[in-house]
Amino acid sequence: MPLLRSLRGALALALLLTQGAVATAQETVKIGVITDHVASAKFYAEPVTRGVELGAKMINQNGGVLGKKIELIIEDDQNKPDVSAAKARKLVDDGVVAIISNTGSPATQQAQTVSLETKTLHLTPANSADTLTTQLDDPYFFQTGPLASIQLATLMAYTKSRGFKDVAIVRDNSSLSQSFADSFRKGLEKVGIKVALQEVIPQGATSAVANLQKVRAAKVDAILQAGVLGPEMLQFFRAYQQLGMTEPVLGSYNLSIPAYLTMAKDLMDGVVFVDAFDADKPEAKAFTEAYGKEYHEQPSSLPAYGWDGIHLIAQAIEKAGSLDKEKLRAAMASTTNYVGAIGAKGTSWGFRDGKRTGFDPQGAVVRVIKDNQHGPVVFAGQN
Amino acid sequence: MRLLRDALIWFAAIAAASALAFWLGGYATDVYRKMLIWVALALSYNFLFGIAGQVAFSHFAFAGVGAYAIVIFAHQLGLPFGLAFILALALSAALAFVVALPSTRLEGFYLALATLAFSQLVLVVISEGGDLTGGTGGIANYRLPHVFDVTISGPWYTVVLVLLVASTLWMLRRLDRSAFGRACRAIRDNAVAAAAMGIDVRRIKVLAFTLTSTLAGLAGIAYAYIDNVINPPVFGLENIFLLLFMIIVGGAGSHIGAIIGAVFLYLAPFVLEPIVGHGFMVVFGVLVVLTILFQPSGLAGLVNRWPARRAT
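Residues numbered from 1 in each chain as written. Chains lettered and ligands numbered in written order. Predicted model: local features only at pLDDT ≥ 70, side-chain atom pairs only at ≥ 80, totals over all residues.

S.K.: Mind laying out the overall build of chain B, listing which residues take part and the relevant values?
M.R.: A count of helical and extended segments in chain B gives 14 helices and zero strands. Listed N to C, the secondary structure of chain B is α-α-α-α-α-α-α-α-α-α-α-α-α-α in terms of helices and strands. At 20 Å, chain B has a C-alpha radius of gyration in line with the 20 Å of a compact globule built from 312 residues. Out of the 312 residues belonging to chain B, those deemed buried represent 45%. Of the contacts made within chain B by residues no fewer than 6 positions apart, 75% connect residues no fewer than 24 positions apart. (Helix = DSSP H or I, 4+ residues; strand = E, 2+ residues; numbered from the N terminus. Rg over C-alpha atoms; globule rule 2.2 N^0.38 Å. Buried ≥ 20, exposed ≤ 12 C-beta atoms within 10 Å, placed from the backbone. Contact = placed C-beta atoms within 7 Å.)

This is the structure we're talking about:
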């Protein structure tokens, strides 16, 4: 019998812990956040989540939404799609009115099955996969991050504007990098630029000098960096400096992750990359100021995605005038001309014509790295 | 009498595990379902690694083959579900057999490398399969079709998963206690001595690999309908190492150990995160190391010791 009692106690404790059945007496508007603190998406998920937290704090300081404070419930999905769906269910069980997904696109895709089933407003402010709103007809899911295709078009437009004729693509052997490289190749061919060669730096490589010697021998006008793995990318920039190369380096939006600036310190000056943040824009300045006051440092573009995401949800709640799930969905779907911290000057978001991707096609920018910082915008849009 | 007692125990266990499905909330049900898939995979991997002694890293790849095959056959190509199910299982078995033929000539480290390469290949194929596999985004927007005019959904699908685990356990226990199981253990302990005793070492190895990998394919088929989404990261290399840890922590070669290891390691992050916050993976790692250091026969060793202690 004592064993039975112990077992019952243990079961009750386990259920309490797994279901997170902690009741709060406060009258708050609960918003769920799915992030990654421990796995491969940590480098971008954490800064984006920081922006959500800062945004919620600012909104609460200004009176909250519908007269109530926002309460964030943050869950870690370890960037695992199956865990992400489970965490989305936990958030719904906890009574959230909306979910913000900040981890990888496959994880967000799987979490969508829960938002669709439970009719819960679901937003990803930073995911860029083009398929997130096309694979599943989930009217409760919205995407405001710049689509990969938009970023690619902006990078290609910049490449063309510089008059490059022959370029090299350098990548690592991860599937994501291969996917970036394929997109680059197709995009370049579309605008009439020849890919003279493609070099692959394998995972675990201790030097990329041989790869870049081949690139130098090909006498290309520019190098498109399609790598995503930190150590291999570091080898690329080391070899580039060692060989004294001068060919311009153009990178994907992956280079907007601030961790690379410290990882490849003093090696990336002059590198251009696609981003969606113009620090000179008034909305971006307001965000930068709030971030600086709170964290005493300059933000990268990543927290701005989260900042915009939580503000967009707050606006939808105010517009809906209630926490009714259908009204919230309708309010979000009716968003037009929203100007946030993210996006090029003069662009805005909106879910026009029933679309659930809100980023303006002219909203991506090309920035240059200067003094180990993400520097000014050198190109914007696709023209 | 013993047969009746065993049948009653099985029935009670299946009934209790199924009853949970009707009692748990949304989140707990989701975690429970995915845990059952891990248990099914751990059971078959335990037979391959712990009983047959094959250090193969292709188990999750075969789960991926099963999951992608059922979705492609039943939903992309529109075949009747029954036919799609048989084809998906047959594809898993055929691929496992093809991989087993050359791979089982290898041992230890070399077998691990060969099967690791196969896993990587499967990952590349599903990531680069275009519209057929959905690429890196995977496939969504499908539902489990009606089977004999019956829709299996909600807690009833959890019951299906319970039956999957129960039938996997029942079959592997029967095999373990048969001449085939004894041959597997003999080969694991000393392949040369086993061959000298007249055991066809290669045949047994190929059979063990094919059978357990097909069971992984079956678990993959079941997984495909939990969230109605499949994508490459789930079948990546990270999970195969977690599966290996489950077997080692639970107790290699023990069916109950595979279950305990899978339940313990799958649930640990979910239970630890609310208690220790972001550092839950550190605590998780320390727990695994402590278990390996102080309980080398695995957690199953504790369970085995318990009745002995009570008897004394």
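S.K.: Give a description of the overall build of chain A that names residues and reports values.
M.R.: Each helix and strand counted, chain A has 12 helices and 12 strands in total. Relative to the compact-globule value of 21 Å for 383 residues, chain A shows a C-alpha radius of gyration of 22 Å, a close match. When its C-alpha atoms are laid out on the principal axes, chain A stretches across 75 × 55 × 40 Å. A sequence separation of at least 24 residues applies to 69% of the contacts in chain A between residues at least 6 apart.

S.K.: Outline the sheet that holds strand E5 (residues 141–143) of chain A, supporting the account with residue identities and numerical values.
M.R.: Residue and element names in this part refer to chain A. One open sheet holds the five strands; their spatial order is E2-E1-E3-E4-E5, and the pairing between them is parallel. Each edge of the open sheet is held by one strand with a lone partner, namely strand E2 (69–76) and E5. The sheet shows a mean angle of 25 degrees between the axes of neighbouring strands, taken without regard to direction. (Pairing = 2+ DSSP bridges. Axes fitted to C-alpha atoms, helices over the stretch in contact; angles between N-to-C directions.)

S.K.: So what's going on with the nonpolar core? Residues and values would help.
M.R.: Among the nonpolar cores identified, the biggest contains 118 residues, and A:Ile31, A:Ala98, A:Val167, A:Ile313 and A:Leu328 are the most heavily contacted of them. Top element by residues in this core is helix H11 (residues 302–320) of chain A. It accounts for 11 residues. Discounting chain neighbours no more than four positions away, the residues touching A:Ile313 are A:Ile31, A:Ala98 and A:Leu123. With 85 residues, the next largest nonpolar core counts B:Phe60, B:Val99, B:Ile126 and B:Val162 among its residues. (Core = buried A, V, L, I, M, F, W, Y, C linked by C-beta atoms within 7 Å.)

S.K.: Report on the domain arrangement of chain A, specifying residues and quantitative values.
M.R.: The parts lose accessible area when they come together, and the size of an interface is often stated as this lost area. Residues and elements named next belong to chain A. Partitioning chain A into domains gives domain 1 (26–147 + 281–361) and domain 2 (149–276 + 366–380). One C-alpha centre belongs to domain 1, the other to domain 2; they are set 29 Å apart. Contact with domain 1, which involves 15 residues of that partner, is made by 12 residues of domain 2. Classifying every residue of the side of domain 1 that touches domain 2 by side-chain character gives 10 nonpolar, four polar and one charged. (Domains from an automatic or database assignment. Nonpolar A, V, L, I, M, F, W, Y, C, P; charged D, E, K, R; others polar.)

S.K.: Explain helix H4 (residues 81–103) of chain B to me, using residue names and the numbers behind them.
M.R.: Across its 23 residues, H4(B) extends 32 Å between first and last C-alpha, which sits within 8% of the 33 Å expected from 1.5 Å per residue. Among all positions of H4(B), only B:Ala84, B:Ala88, B:Leu91, B:Ser92, B:Ala93, B:Leu95, B:Ala96, B:Val99, B:Ala100 and B:Ser103 are buried. (Expected span 1.5 Å × (residues − 1).)

S.K.: I'd like a description of the interface of chain A and chain B, backed by residues and values.
M.R.: With 31 residues of chain A at the interface, the matching set in chain B holds 27 residues. Every element with two or more residues in the side of chain A that touches chain B is listed here: helix H1 (2–19), helix H3 (81–93), helix H4 (105–118) and helix H6 (175–190) of chain A. Ranked by the residues each element gives to the side of chain A that touches chain B, the list is headed by H3(A), at eight residues. For the side of chain A that touches chain B, the per-class residue count stands at 12 nonpolar, 12 polar and seven charged.

S.K.: Can you explain the confidence of the model for chain A? Please cite residues and give values.
M.R.: Residue and element names in this part refer to chain A. On average, residues of chain A score 89 in pLDDT, and 93% of them are at 70 or above. Confidence over residues 1–13 falls short of pLDDT 50; this stretch has zero contacts with residues more than four positions distant or in other chains. Segment residues 15–25: pLDDT under 50, and 15 contacts once partners within four positions in sequence are set aside and those in other chains are kept. (pLDDT = per-residue confidence, 0-100.)

S.K.: Can you lay out the sheet that holds strand E12 (residues 373–380) of chain A for me, pointing to particular residues and giving the numbers?
M.R.: Residue and element names in this part refer to chain A. Across the sheet, which stays open at both edges, the seven strands sit in the order E7-E6-E8-E9-E10-E11-E12 with mixed pairing between neighbours. Of all the strands in the sheet, the pair left with one neighbour each is strand E7 (194–201) and E12. Recorded for the sheet is a direction-independent mean angle of 30 degrees between the axes of neighbouring strands. Pairing of strand E10 (residues 272–275) with strand E11 (residues 365–370) involves four bridges; the strand directions are antiparallel.

S.K.: How would you explain unusual backbone geometry if you had to name every residue and give the values?
M.R.: Located in the positive-phi region is A:Asp266, a residue other than glycine, with phi close to 65 degrees. With respect to the secondary-structure elements, A:Asp266 resides in the loop between helix H9 (259–263) and E10.

S.K.: Describe the pairing of E2(A), with residues and values.
M.R.: All names here are of chain A. Pairing analysis gives eight bridges linking strand E1 (residues 28–35) to E2, with the strands arranged parallel. Counterpart to Ile 34 in the pairing with E2 is Glu 75. Note that the unit made of E1, helix H2 (residues 42–61) and E2 has a crossover that is right-handed. (Right-handed = clockwise from strand over helix to strand, strands pointing away.)

S.K.: Which residues make up the environment of A:Thr335, and what values go with them?
M.R.: Residues and elements named next belong to chain A. You can see Thr 335 is positioned in the loop between helix H12 (325–333) and E11. Take Thr 335: there are 19 C-beta atoms within 10 Å of it, and that puts it in the partly exposed class. Put simply, Thr 335 and Lys 285 are 50 residues apart on the chain and 23 Å apart in space, counted from C-alpha to C-alpha. If we skip the residues at most four places from it in the chain, Thr 335 touches Leu 312, Ala 316, Trp 349, Gly 350, Phe 351 and Gly 358.

S.K.: Could you give me a rundown of the domain arrangement of chain B, with the residues and numbers involved?
M.R.: All names here are of chain B. Per the domain assignment, the segments of chain B are domain 1 (2–235) and domain 2 (236–312). Computed from C-alpha atoms alone, the centre-to-centre distance between domain 1 and domain 2 is 21 Å. With 24 residues of domain 1 in contact, the opposing surface of domain 2 contributes 18 residues. For the side of domain 1 that touches domain 2, the secondary-structure elements that each account for two or more residues are helix H2 (26–51), helix H3 (59–76), helix H5 (108–127) and helix H7 (155–176). Looking at which element gives the most residues to the side of domain 1 that touches domain 2, the answer is H2, with 12 residues. Per-class residue counts for the side of domain 1 that touches domain 2 are 19 nonpolar, four polar and one charged.

S.K.: Can you tell me about H5(B), naming the residues and giving the values?
M.R.: Residue and element names in this part refer to chain B. Across its 20 residues, H5 extends 29 Å between first and last C-alpha, which sits within 8% of the 28 Å expected from 1.5 Å per residue. Along H5, the residues that are buried comprise Leu 111, Thr 115, Phe 118, Ser 119, Val 122, Ile 126 and Ser 127. Buried residues of H5, viewed axially, fall in a sector of 170 degrees; they line one side. Opposite the buried face of H5, by more than 90 degrees, sit the exposed residues Phe 109 and Tyr 110. (Arc of directions from axis to C-beta.)

S.K.: Let's hear about the packing of H3(A) against H4(A): which residues, and what values?
M.R.: All names here are of chain A. As a packed pair, H3 and H4 sit with axes 7 Å apart at the nearest point and diverge in direction by 35 degrees. Of the two possible hands of crossing, H3 and H4 adopt the one that is right-handed. Every residue of H4 that contacts H3 at Pro 81, Asp 82, Ser 84, Ala 85, Ala 88, Arg 89 and Val 92 is listed here: Pro 106, Ala 107, Thr 108, Gln 109, Gln 110, Ala 111, Thr 113, Val 114, Ser 115 and Thr 118. Taken together, the residues that form the contact of H3 with H4 break down as eight nonpolar, seven polar and two charged. (Left-handed = near helix turned anticlockwise from the far one by under 90°.)

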